[in-house]
Structure formats: structure tokens, C-alpha cells
Amino acid sequence: MGPPSPSSAGGPGSAGGVTGALLRTPPRPLLIGALPEQAVRELGAALATEPLLAGVDVLNARRRDAQALAAAWGRPSEVTEENRLYRLAGLLAPDPAPAGRARTATEADLRLLLDWAGAFKRETGERGGPSEAFLRDRLSYGGMLLWEHAGTPVSMAGFFRPIGSVSRVGPVYTPPELRGRGYAAGVTHAVSEAAYAAGASQVLLFTDLANPTSNGVYQRLGYVPVEDRVEVAVL
């Protein structure tokens with residue numbers, strides 16, 4: 001099942017223009033874009049009174065904004081997750097090149113994709129289980145790739161359908177017993193190329209700052225840091 005329709009709001013600027021935005025897609029965290037400092041303080045106060053924000057207990061924001069929001073919120077909170085947004089500045093081939101090759105996943109791979117997507121969610125602590133409808137949509141536009149070695153899938157990566165010439169890579173997953181062989185680098189390189197081929201001019205990805213291995217892999221492939229974001233939970 002896909003996500004529910006989101007609720008969203010924008011903040012007016014002094015001349016009536018929009019200066020920032022937030023998005024809420026229950027049960028996911030409140031997602032907060034880049035906001036002016038004053039708007040961050042006002043949002044922190046509104047979290048307790050605005051009906052649109054009723055029941056919010058987790059938010060996702062830029063690190064500096066999250067700290068200000070937590071202070072303005074006036075409720076005990078803690079950082080539960082730290083992520084870094086990367087942008088692909090110039091795609092570089094893995095060095096050394098891993099054994100094997102990439103191929104586009106097909107309907108015949110759906111069971112494996114569901115299993116690996118579920119394992120990815122459990123390992124990262126992501127809410128909910130894997131969605132068959134979501135994966136079928138990915139398959140419909142060639143948005144899931146597998147890395148194969150000796151004819152056997154050993155790693156997977158996906159990309160979101162480009163919107164406004166922007167695509168995001170994810171998830172990237174290799175079973176624990178197959179890690180350390182460069183398969184994730186190979187499939188991430190391939191899926192980045194596929195996102196470009198699908199019409200993206202900008203390719204992004206998020207990674208957990210607690211995982212130095214994945215951060216190193218992405219940087220060696222040409223991804224550069226854009227900003228750090230955190231999830232903050234109300235206690």
C-alpha cells in the first residue's frame with residue numbers, strides 16, 4: 001500500500017511569498033524543509049496548538065533547525081536518527097571494480113526484493129513492512145537493479161521516478177554475509193547511471209551517519225554532502 005495523501009503547509013514571507021514548507025504523511029515523521037530562523041521558532045510554538053500538527057511526536061529537520069524546534073517545542077525530546085543528504089557531483093566508477101554485473105530487476109525477482117526490502121527496514125529501524133505495490137511500481141519503470149555474481153543476485157539498489165529532473169537513490173542493500181566485496185558500490189554506480197538515463201539531472205541519496213562504510217562508498221562514487229538532517233522524537 002502506498003503512503004496516505006500528505007498534508008502540507010507553507011510559511012509566508014514578508015511580501016506574501018512562501019519562504020519554507022513542511023509535509024506530514026502519517027504515520028511518518030513531520031518533514032520540515034529549509035526554514036528561516038524566525039519561522040523555526042514560530043513552528044516550534046505551533047506544534048502544541050496547530051490542528052494540522054496535532055499528534056506529531058517525531059519530526060525530521062535540518063540539524064540546526066531541529067535543535068531550535070526542540071527548544072521552542074517546550075517538551076522533552078531526543079535525537080533518534082542522523083542522516084546526511086548527498087548529491088551526485090560527478091559519477092565515478094568503483095575502484096577496484098567488483099566482480100559481477102548489474103541488471104534490471106523483473107517481476108520474477110519480486111519475492112527476493114520483498115525479502116531484502118524487509119531486511120533493510122529491520123536493519124535501519126524504518127517503520128512498517130515492505131510494500132509489494134511500491135516495488136511493483138518500481139519494476140514498472142526499471143527502478144530496481146540487482147548486482148549479480150556468478151548468476152546469483154548479491155546486492156540491490158533502487159531509484160525513485162524522476163520528478164522535476166530530480167531522482168533519489170534508495171534503498172541500497174547487501175545481505176550481511178555478502179558485504180565487504182564491493183557489490184554495494186557496483187549496484188549504486190549502476191543505479192545512479194539508470195537514474196540519469198531515466199531523465200534525472202540531479203541524483204540524491206540519504207545515508208545514516210552512523211554507518212561510515214556506506215558514507216565512504218558514496219563519496220568514492222562522486223556523491224558530495226549537502227546537509228545533515230536528524231529525526232527528533234518527543235519523549
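Basis of the calculations
Numbers given to residues run from 1 along each chain, matching the order in which its sequence is written. For this predicted model, a pLDDT threshold of at least 70 governs which residues receive local features, and a threshold of 80 or more governs which side-chain atom pairs are given and counted, while totals over whole chains, interfaces and linings are taken from all residues. Based on all heavy atoms of the structure, the side-chain values leave hydrogens and waters out of the count. Helix numbers and strand numbers start at the N terminus; a helix is a DSSP run of H or I with at least 4 residues, a strand a run of E with at least 2. Think of it in three bands: with a 1.4 Å probe and only protein chains considered, a residue is buried below 20% of the maximum accessible area for its type, exposed above 50%, and partly exposed in between. Here a polar contact is taken to be a pair of N or O atoms separated by no more than 3.5 Å, where protein atoms must pair a possible hydrogen donor with a possible acceptor and residues adjacent in sequence count only if both atoms sit in side chains. Residues count as neighbours in contact if any of their non-hydrogen atoms are within 4.5 Å of one another. By arc we mean the arc of the directions from the helix axis to the C-beta atoms, nothing more. Take a side-chain nitrogen of Lys or Arg and a carboxyl oxygen of Asp or Glu: if they are within 4 Å of each other, that pair is a salt bridge. In summary, the pairing rule links any two rings of Phe, Tyr or Trp, Trp by its six-membered ring, whose centres are within 6.5 Å, and it sorts them by plane angle into stacked for under 30 degrees, edge-to-face for over 60 and tilted for everything else. Geometrically, a lysine NZ or arginine CZ counts as sitting over a ring once it is within 6 Å of the ring centre and also within 35 degrees of the ring normal.

Visitor: Explain the side chain of R62 to me, please; I cannot follow it from the model alone.
Guide: For R62, the location among the structural elements is in strand β4 (residues 58-62). When its relative accessible area of 14% is taken as the criterion, R62 is described as buried. A polar contact is formed between the side chain of R62 and the side chain of D65, at a distance of 2.9 Å. Setting aside chain neighbours within four positions, we find R62 in contact with A34, L35, E227, D228 and R229.

Visitor: I would appreciate a short explanation of the environment of L209 in the present structure.
Guide: Tracing the sequence through the fold places L209 in the loop between β10 (202-208) and α6 (212-220). Since its relative accessible area comes to 25%, L209 is described here as partly exposed. Separated by 125 residues in sequence, L209 and R84 place their C-alpha atoms 6.3 Å apart. Aside from chain neighbours lying at most four places away, what touches L209 is R63, E82, N83, R84, N215 and D228.

Visitor: Explanation requested: helix α2 (residues 63-73) in the structure shown.
Guide: Among the residues making up α2, those that are buried are D65, A66, L69 and W73. In an axial view of α2, the angular spread of the buried residues amounts to 100°, which keeps them on one side of the axis. When the buried face of α2 is taken as reference, the exposed residues oriented beyond 90 degrees from it are R64, Q67 and A71. Residues of α2 that are buried in the fold lie against β3 (30-32), α1 (37-46), β4 and β11 (223-234). Immediately downstream of α2, the backbone of G74 shows phi near 75°, a positive value.

Visitor: Help me understand the pattern of salt bridges, please; the structure alone is not making it clear to me.
Guide: Two side chains with opposite charge may pair up if their charged atoms get near one another. What the rule picks out here adds up to 16 salt bridges. Taking the shortest distance from any N to any O, the salt bridge between R111 and D115 comes out at 3.9 Å. Here R111 pairs with D115, and both are found in helix α3 (residues 110-124), just four residues apart, close to one helical turn. Given the relative accessible area of 42%, D115 is considered partly exposed. Look at the salt bridges and you will find they share partners, linking R63, E82, R84 and D228 into a network.

Visitor: Just to check I follow, could you spell out the packing of aromatic side chains for this structure?
Guide: To describe a pair of aromatic rings, you give the distance between the ring centres and the angle between the ring planes. Applying the stated criterion across every chain, the model contains four aromatic pairs. Centre to centre, the rings of Y141 and F159 are 5.7 Å apart; their planes meet at 70°, and the pair counts as edge-to-face. Residue Y141 is found in the loop between α4 (132-140) and β7 (144-149), and its partner F159 is found in strand β8 (residues 152-159); the two are separated by 18 residues along the sequence. Taking relative accessible area as the criterion, F159 reaches 1% and is therefore assigned buried. For the ring pair Y218 and Y223, a centre distance of 6.3 Å and an interplane angle of 70° mean the geometry is edge-to-face. Judged by relative accessible area, Y223 falls into the buried class, the value being 2%. Sitting over the face of the ring of F160, R138 holds its NZ or CZ atom 4.3 Å from the ring centroid.

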